[in-house]
Amino acid sequence: MRPSRWLLAACALLLCALRRTGEARAERPCTETDYYYEYTECDSTGSRWRVAIPQIPGACTGLPEPVHGTDCTFTCEAGEFLEMSAQECTQCAAGSYSLGSGIRFDQWDSMPAGFSSLATLLDNSPHGDDRLTCNSSAWVPLGNYLESNRDECTVSLIYAVHLKKQGSVSFEYQYLDKNLLFEFFIQNDQCQAMDQTANEKWLKLTSHGEWATHTVNLKSGTNILYWRTGGVLVGSKAVKPVLLKNIQIEGVAYTSECFPCKPGTFSRVPGSSSCDPCPRDTYSGHGASSCTPCNTTAQYAPEGSGICKVRPPCSRKDYFQIHTACDSDGKTQVIYKWVEPKICLEGVIGAETLPPSGEREPCPPCNPGFYNNDTATCSPCPPGTYSDGIKACTRCPAGTEPSLGYKYKWWNVLPANIETSCFNVGNSKCDNMNGWEVAGDHIQTGAGHSDNDYLILIIHIPGFKLPTSMSSNSGTEFGRITFEFEMVCKTDCELYFMMDVNRKSTTVVELWEGSKTRQSYTHVMNKNASVSYTWAFQRTNRSSDVRHYVHDVARIYSISVSNAVDGVSSECRPCALSTQPSSSLCVPCSPGRYIDTHTSQCTECPANTLLASHDTLGPDACRPCGPASKSNKEHSLCFSDCHFTHTEGNVTLSFDFGLLGSVGSLMNGPSFTSKGTKYFHQFNISLCGGEGHMAVCADNVTDLSDSQREKGEAANAVKTFICQSTIIPANGQGFHTALSSQSIDLADTFVGATVDSTLEGIRASPELFPKTSKKVPDVHFYYRSLAATSSCEAGRSAVVTLRCNPERSSKGELAVPSQCTAGTCDGCTFHFLWEGSGACPTCTERDYHQIEGACKGGNQDLLYVWNEQKLCVGGVPLPEKRTLPCESMDFWIRLGAGLGAFFAVLLISLTCYFWEKNKRLEYRYSRLVMSANKECEMPGADSCAVMEGEEYEGEMEDEVVYTKPSLLGKLKAIASKRNGDSYENVQLNSSHPKALVWS
């Protein structure tokens, strides 16, 4: 009991002491460090109060009384902050900055206060276990920028800000992968979305290594900002993430403090609105007013660095080789240079030295269209002349014209219209570095600052100029670019080929990954516009600030551009001449006409042929369209007019597929990605008609250019025979409307229509669809896309099988193979089944038959019915029922019966008459024989004899034996009425040895 009493007493003394200490503290007067000032909300009169808020409630007494605050519209200028004690704007100290009425976020070592990253749980996954697969997806701070997730999960970066007045938000971003959807939208504090146009919500793609700036106006009040990414990733390849930096928000009333400069930056003078990066080989800490130099003998620092780094020993990755320009002797050599800025140390243990220069060698020849003017440089040939690069420039002969363009196959110096650069992913251009280096017979990627740098090569084409004879052709090929390349990589390198038309936006034409053998690629330009073609090589898309894979390279051996408006001529091509005999001037040909090489005149292509628009002369320029297809007036397109005829044996079937409709659509699925994201594939198919009846697949997640917005067209709309879009349903990934993206062209050329299962190397594969018992054959429409892809070197192809099914509507239904739900089993050939009554042949007279009804009341009905299981549509209509009198028919039946009976009686009577007459004649013959000479005085017959073995009976009466003639013989005999010319054979057997026989 005693210990417990002592414990209670000690606790009581402790509580008493604490109480007295608290009272003593509460009695301590407050100082300026114990509180801070804030303004109250503005009242209806536009006034407010400044109040003191304690840092620790109850820690001191004597807080300042509330006083009237500044006007609610009061703001400070950039470089100033509101000093609350005096309620006056004060300049920021050196080492800090202020935007005045705005805030900026440019340091991303960690997620700034107020920002949150939220991954959307997929509620449409087919399996419940996949609901948590996106929990690890988030926006990640990487120092100078934020990086989005690399999968298809929907992840939102969220920030809420309260604006006292109308303002704006601006930020810089990189958005490279069209497989990723990137949107920026705004909500108020009631979670109501702010009205935004398409170009404010959906952000357009950027060029590789370049940063784009996006600005949106904000309303006063609370604004919740969302940066959201998501997409559909089919397969295992990760998408390229979105990068985000320098978020700046304007419209806050004031800032009560200045922001310190982040490491690697400084502000030297008070009142700065921003901080400047530290120069190279210097560094700074947090809130610095100046930068500190590094010990450059052993250390280095890139621009804007917060620390100095130790210089490593030099190695092979720290230098590269180049070919020098041709000297006055026409010689060049390989030399080696250190990667700038040089950060490595020579002369230390393990360091490599710069290799010696190579031997001087003769310079390569000039490129076609250029000539050597006895100097160290190659000059372009004058207008109207051409050269192969070796010989001097020669003027084109009469009847020909220069073929303009570029053919680069020697790389001693970089051509004037080609530029190269290097971009760091998170910053800007690489200093003192070329992205690509010339190397004699090729040009290859340089070292770069780090493995994830973008090494850029750009060729600028201001426009295209068709040859004179083709200048009036419409819908033709304006030009094409062809290049030969290879890639040698140990890691996940990528080579992008992109184009920027009229400086609107850069789009990726093709992408190659990993090592690639030497190969050629061609892209056709179908409109006349200024275009920049870009090659961007990246060794790895992972964050990196070192060079581990500097020897992973991409090489381009040749680049050829046809019909470039500012090009040179490497050859002359024939042209059409005027009809005037003395004229040698080239003249344009009308659309659909080719140049006859014999007469040099424009000649129209035959009907249903396609005019080839690239380097083809003579009649071979007109290529026949495929079976069951025709060409337009300009001979620039082959298409089907929806009419098809098939003859088998003596039966001809005629089809009119226009009943199926102008464009058919199919949305198959749903399909799910590895993360469980639901998506659909939508196919649009146009069977018939020319340019005005094409299928269109549009994207609704990219912003629009000015011209496209005026026409109401989507930026990445595809207009062709067959196209495909990827559809993400509403709420499928947190999106409130269905999204259409990744539109691709599956078929831009109509090959032909036939019942055969193959056409020009394309196979229909009817085994992919259920068999049909119908007698009508399937008709296959064959298509091809001439554009090659990395996975389909020969381009894509498609087969639409039309099948007659009278049980379905005339428009029918589209389907894809059950075992290939994406429409293709190999990724290159797509198969579709279009089944409906509109695919049945046109009805003819052989498709129905006549039924005769019974004669009732003197009338008879004639009915017409279709053959069992009608397999036709339209055409000849079914005749109406007919009613005919049936009296005339009974009369002829009775007449026929009467005539038949009369002739039967007549025949019987004649038979009986001739039979009686024949009997009497036979009797007379027999009497005549009996009364004949019994001595057989007449010549003996073979039959008159006594048979051996018979007894002679002299008293026996004569025996008369006769042979009965046939009825036909009797009729002939009577009909001939010739006496003595015809006799019946009578055999007389007599008892007399010399019996007489007549014949």
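Small disclaimer: the values here were computed from a predicted structure and weren't measured.

How each quantity is defined
- Residues numbered from 1 in each chain as written.
- Predicted model: local features only at pLDDT ≥ 70, side-chain atom pairs only at ≥ 80, totals over all residues.
- Heavy atoms only, no water.
- Helix = DSSP H or I, 4+ residues; strand = E, 2+ residues; numbered from the N terminus.
- Buried < 20%, exposed > 50% of the residue type's maximum accessible area, 1.4 Å probe, protein only.
- Contact = heavy atoms within 4.5 Å.
- Areas by Shrake-Rupley, 256 points an atom, 1.4 Å probe, with all protein chains shown as cover.
- Pairing = 2+ DSSP bridges.
- Axes fitted to C-alpha atoms, helices over the stretch in contact; angles between N-to-C directions.
- Disulfide = S-S within 2.5 Å.
- Polar contact = N/O pair within 3.5 Å; in protein donor to acceptor, adjacent residues only side chain to side chain.
- Phe/Tyr/Trp six-rings, centres within 6.5 Å; stacked < 30°, edge-to-face > 60°.
- Lys NZ or Arg CZ within 6 Å of the ring centre and 35° of its normal.
- Patch = residues over 30% accessible without salt bridge, like charges linked within 9 Å, V, L, I, M, F, W, Y side chains within 5 Å.
- Salt bridge = Lys/Arg side-chain N within 4 Å of Asp/Glu carboxyl O.
- pLDDT = per-residue confidence, 0-100.
- Core = buried A, V, L, I, M, F, W, Y, C linked by side-chain atoms within 4.5 Å.

**Q** Report on the overall build of the protein, specifying residues and quantitative values.
**A** If you tally the helices and strands in the protein, you get five helices and 69 strands. For the protein, the residues scored as buried account for 43% of the 999 residues in total. Summarising the internal contacts of the protein: among those between residues at least 6 apart in sequence, 67% fall at separations of at least 24. Surface accessibility of the protein: about 52,300 Å² in total, with carbon and sulfur atoms responsible for 52%.

**Q** So, the sheet that holds strand β65 (residues 848–852): which residues are in play, and what are the values?
**A** Pairing is antiparallel in the open sheet, where three strands are placed in the order β65-β66-β67. The open sheet is flanked by β65 and β67 (882–885), the only strands paired with a single partner. Taken over all neighbouring pairs, the strand axes of this sheet differ in orientation by 25° on average, direction set aside. Relative to β67, strand β66 (residues 859–866) is paired through four bridges, and the arrangement is antiparallel. Of the residues in β67, the one forming a bridge with Leu862 is Arg882.

**Q** Which residues make up the state of the cysteines, and what are the values?
**A** Throughout the structure, instances matching the rule amount to 22 disulfides. Shown here is the disulfide that connects Cys314 with Cys344, its sulfur atoms set 2.1 Å apart. Looking along the S-S bond of the Cys314-Cys344 disulfide, the torsion reads about 85°, which is the right-handed sense. Note that Cys314 is positioned in the loop between β23 (309–310) and β24 (319–323) and Cys344 in the loop between β26 (334–338) and β27 (361–362), a separation of 30 residues in sequence. Each member of the pair, Cys314 as well as Cys344, is classed as buried. At a sulfur-sulfur separation of 2.0 Å, the disulfide partner of Cys381 is Cys393. One quick way to see it: the torsion about the S-S bond of Cys381 and Cys393 is about -80°, and its sign makes the bridge left-handed.

**Q** Could you give me a rundown of the environment of His780, with the residues and numbers involved?
**A** Locating His780 in the fold gives a position in strand β61 (residues 779–784). For His780, a relative accessible area of 4% corresponds to the buried category. Considered as a pair, His780 and Ala753 are 27 residues apart in the sequence and their alpha carbons are 5.5 Å apart. Residues in contact with His780, not counting those within four places in the same chain, are Gly752, Ala753, Thr754, Val755, Asp756, Ser757, Ala764, Val799, Val800 and Thr801. Among the polar contacts listed, one links the side chain of His780 to the side chain of Thr801, at a separation of 3.0 Å.

**Q** Before we move on, can you summarise the sheet that holds strand β56 (residues 722–728) with the specific residues and values?
**A** Taken in spatial order, the four strands make up an open sheet running β52-β53-β56-β57, and their pairing is antiparallel. The strands lining the two open edges of the sheet, one partner per strand, are β52 (663–672) and β57 (739–747). Averaged over all adjacent pairs, the angle separating strand axes in this sheet is 20°, with direction ignored. Alignment of β52 against strand β53 (residues 678–686), held across eight bridges, turns out to be antiparallel. In the strand pairing of β53, Gly664 is matched with Ile685.

**Q** Explain the packing of aromatic side chains to me, and be specific about the residues and the numbers.
**A** Here the structure, examined in full by the defined rule, presents 41 aromatic pairs. With a centroid separation of 4.7 Å and 0° between ring planes, the pair formed by Phe185 and Tyr226 is classed as stacked. Linking Phe185 in strand β13 (residues 180–188) with Tyr226 in strand β15 (residues 221–231), this pair joins segments that are 41 residues apart in sequence. The pair formed by Phe185 and Tyr226 is uniform in burial state, with each residue classed as buried. An angle of 45° between the planes, with centres 5.6 Å apart, marks the rings of Phe483 and Phe485 as tilted. Just as Phe483 is buried, Phe485 falls in that class too. Each residue in the set Phe105, Trp108, Phe115, Tyr159, Phe171, Tyr173, Tyr175, Phe182, Phe184 and Trp227 is aromatic and connected to the rest through ring pairs, giving one cluster. Taking the ring centre of Trp338 as reference, the NZ or CZ of Lys342 above it sits at 4.6 Å. Between Lys870 and the ring centre of Trp866, over which it is positioned, the NZ or CZ distance is 4.4 Å.

**Q** Break down a nonpolar patch on the surface for me, with residues and values.
**A** Together, Leu895, Leu899, Phe902, Phe903, Leu906 and Leu910 give the surface a local cluster of nonpolar side chains, amounting to about 560 Å² of exposed area. Looking at the secondary structure, you find Leu906 in helix α4 (residues 887–930).

**Q** Explain the pattern of salt bridges to me, using residue names and the numbers behind them.
**A** By the definition in use, this model includes 17 salt bridges. Note that Arg555 is salt-bridged to Glu486, the shortest N-O span being 3.1 Å. Of this pair, Arg555 sits in strand β42 (residues 553–562) while Glu486 sits in strand β37 (residues 479–488), placing them 69 residues apart in sequence. Judged by relative accessible area, which is 22%, Arg555 ranks as partly exposed. Judged by its relative accessible area of 15%, Glu486 falls in the buried class.

**Q** How would you summarise the confidence of the model for the protein if you had to cite specific residues and measurements?
**A** With 81% of its residues at a pLDDT of 70 or more, the protein has an overall mean of 80. Throughout residues 1–26 the model reports pLDDT below 50, and contacts reaching past four residues in sequence, or to other chains, amount to five contacts. In the predicted structure, residues 935–963 sits below a pLDDT of 50 and forms 44 contacts with residues beyond four places in sequence or in another chain.

**Q** I'd like a rundown of the pairing of β56, residues and numbers included.
**A** Of all seven residues in β56, seven are buried; the element is thus mostly enclosed. In β56, alternate side chains face the same way, and those of Ile722, Gln724, Thr726 and Ile728 on one face and Cys723, Ser725 and Ile727 on the other are all buried. Note: β53 against β56, six bridges, orientation antiparallel. Directly across from Ile685, in β56, lies its bridge partner Ile722. Across six bridges, the pairing between β56 and β57 is antiparallel. When the sheet's bridge partners are listed, Ile727 is paired in β57 with Ser740.

**Q** Break down the pairing of strand β5 (residues 88–91) for me, citing the residues and quoting the values.
**A** Note that strand β4 (residues 80–83) and β5 share four bridges and pair antiparallel. The partner of Phe81 across the bridge, within β5, is Thr90.

**Q** Tell me about the side chain of Ser570, and name the residues and values.
**A** Here Ser570 shows up in strand β43 (residues 568–574). Contact partners of Ser570, with chain neighbours within four places excluded, come to Pro368, Gly369, Tyr386, Ser387, Ser403 and Lys407.

**Q** Can you lay out the nonpolar core for me, pointing to particular residues and giving the numbers?
**A** Counting residues in each nonpolar core, the largest one holds 41 residues, and the members touching the most others are Trp436, Ile459, Met487, Tyr533, Trp535, Phe537 and Ile559. Every residue in contact with Met487, bar those within four places of it in the chain, is listed here: Cys493, Glu494, Leu495, Trp512, Glu513, Gly514, Ser515, Lys516, Phe537, Val553 and Ala554. The next biggest cluster of nonpolar side chains, apart from the first, holds 36 residues, and it includes Phe655, Ala747, Val776 and Cys804.

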